[in-house]
Structure formats: structure tokens, C-alpha cells
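Chain and residue survey
Each chain, letter by letter, is given below.
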Amino acid sequence: MDEQNTALFAALAEPSRMRIVSLLRGGPLSVGEIAQRLQIRQPQASKHLKVLQQAGVVEVEAEANRRHYRLRAEPFQELEIWLTGYRELWNERFDRLDDYLKQMPD
């Protein structure tokens, strides 16, 4: 795993940041909207968004005096590629377990 994936996992490991990512799946939101929906203070939301931005998870677009945050697809695409190798390993192990269970006497 490279540094970028490590930063991504570290950013997503915090429950509030995962909740922010889930919210942003529905489209861009301002800091105030995120804070309101998660029922947290705006400075807390800003702090979490800064971590997500530094990890490359979100990007920000300034519109007048508001900042809208949106998810970036690239980190999740890279994560999917990284997980593919593990998914193949899991599937192989489940196949072996299935074979074993079929051989067990009733």
C-alpha cells in the first residue's frame, strides 16, 4: 500500500468523516449544510473536511462566500483496484470453505 492509500484509510477511519463522505455521495454540499445534517458545529465540520481534502477525498469549489465540497472519484477508484486483489483472495477461500462443507457428512 502506498502513502496515498494510507492517507485515505486514515481519513476515512474517523466515523464523522465517513458520515460526511456518505452525505457527499448525494452531491456537493456547503460546510453549513454538512454541519446541519450531521448535527455538529460548523468548525468541527470544517476540520473534518480539511482532513478529507488533504487526503484527496474531496475537492472544494468557492461560490461567492460559500464553499461547496464534492467527492473526488479517483481515490475511490484506486481503492477499488487495491481491494480487487483481496477480493480474489477472499473468493478463493470461500470457494475452498464451500468445497469443505460439501464433503462433510450430514
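To keep things clear, this report deals only with the structure shown in the data block.

About the cut-offs
Residues numbered from 1 in each chain as written. Predicted model: local features only at pLDDT ≥ 70, side-chain atom pairs only at ≥ 80, totals over all residues. Heavy atoms only, no water. Core = buried A, V, L, I, M, F, W, Y, C linked by side-chain atoms within 4.5 Å. Buried < 20%, exposed > 50% of the residue type's maximum accessible area, 1.4 Å probe, protein only. Helix = DSSP H or I, 4+ residues; strand = E, 2+ residues; numbered from the N terminus. Contact = heavy atoms within 4.5 Å. Pairing = 2+ DSSP bridges. Axes fitted to C-alpha atoms, helices over the stretch in contact; angles between N-to-C directions. Parallel < 35°, antiparallel > 145°, perpendicular 65-115°, else oblique. Nonpolar A, V, L, I, M, F, W, Y, C, P; charged D, E, K, R; others polar. Left-handed = near helix turned anticlockwise from the far one by under 90°.

Another aspect to go through is the nonpolar core. Core analysis: the biggest nonpolar cluster contains 19 residues, and Ile20, Leu24, Ile34, Leu52 and Val57 have the highest contact counts within it. Looking at this core, the elements with two or more residues in it are helix H1 (3-12), helix H2 (15-24), helix H3 (31-38) and helix H4 (42-54). Considering every element that reaches this core, the biggest residue donor is H3, with four residues. Among residues more than four places away in sequence, those in contact with Ile20 are Ile34, Leu38, Ala45, His48, Leu49 and Leu52.

Pairing of strand E2 (residues 58-63) with strand E3 (residues 66-71) involves six bridges; the strand directions are antiparallel. Looking across to E3, one finds that Ala62 is bridged to Arg67. Hairpin remark: E2 followed by E3, antiparallel, with two residues in the connecting loop; positive phi at Ala64, about 60°.

Moving on, we get to the side chain of His48. Examined against the element boundaries, His48 turns out to sit in helix H4. With sequence-adjacent residues up to four places away left out, His48 is seen in contact with Glu14, Ser16, Arg17, Ile20 and Ile40.

Moving on, we get to the pairing of E3. With two bridges joining them, strand E1 (residues 29-30) and E3 adopt antiparallel strand pairing. Residue pairing across strands places Ser30 opposite His68, the latter belonging to E3.

Attention now goes to the packing of H2 against H4. Closest axis-to-axis distance for the H2/H4 pair is 10 Å, and the angle between their directions is 80°. Taken together, the axes of H2 and H4 are roughly perpendicular relative to one another. Only Ala45, His48, Leu49, Val51 and Leu52 of H4 make contact with H2, whose side of the interface consists of Ser16, Arg17, Ile20 and Val21. Broken down by class, the residue content of the contact of H2 with H4 amounts to six nonpolar, two polar and one charged.

Right, let's get into the packing of H2 against H3. Where H2 contacts H3, the axes come no closer than 11 Å and their chain directions differ by 115°. Judged on the interaxial angle alone, H3 and H2 are roughly perpendicular. The hand of the H2/H3 crossing is right-handed. Every residue of H3 that contacts H2 at Ser16, Arg19, Ile20, Leu23 and Leu24 is listed here: Ile34, Arg37 and Leu38. Across the contact of H2 with H3, the residue classes tally to five nonpolar, one polar and two charged.

That is the geometry; function is a separate question.
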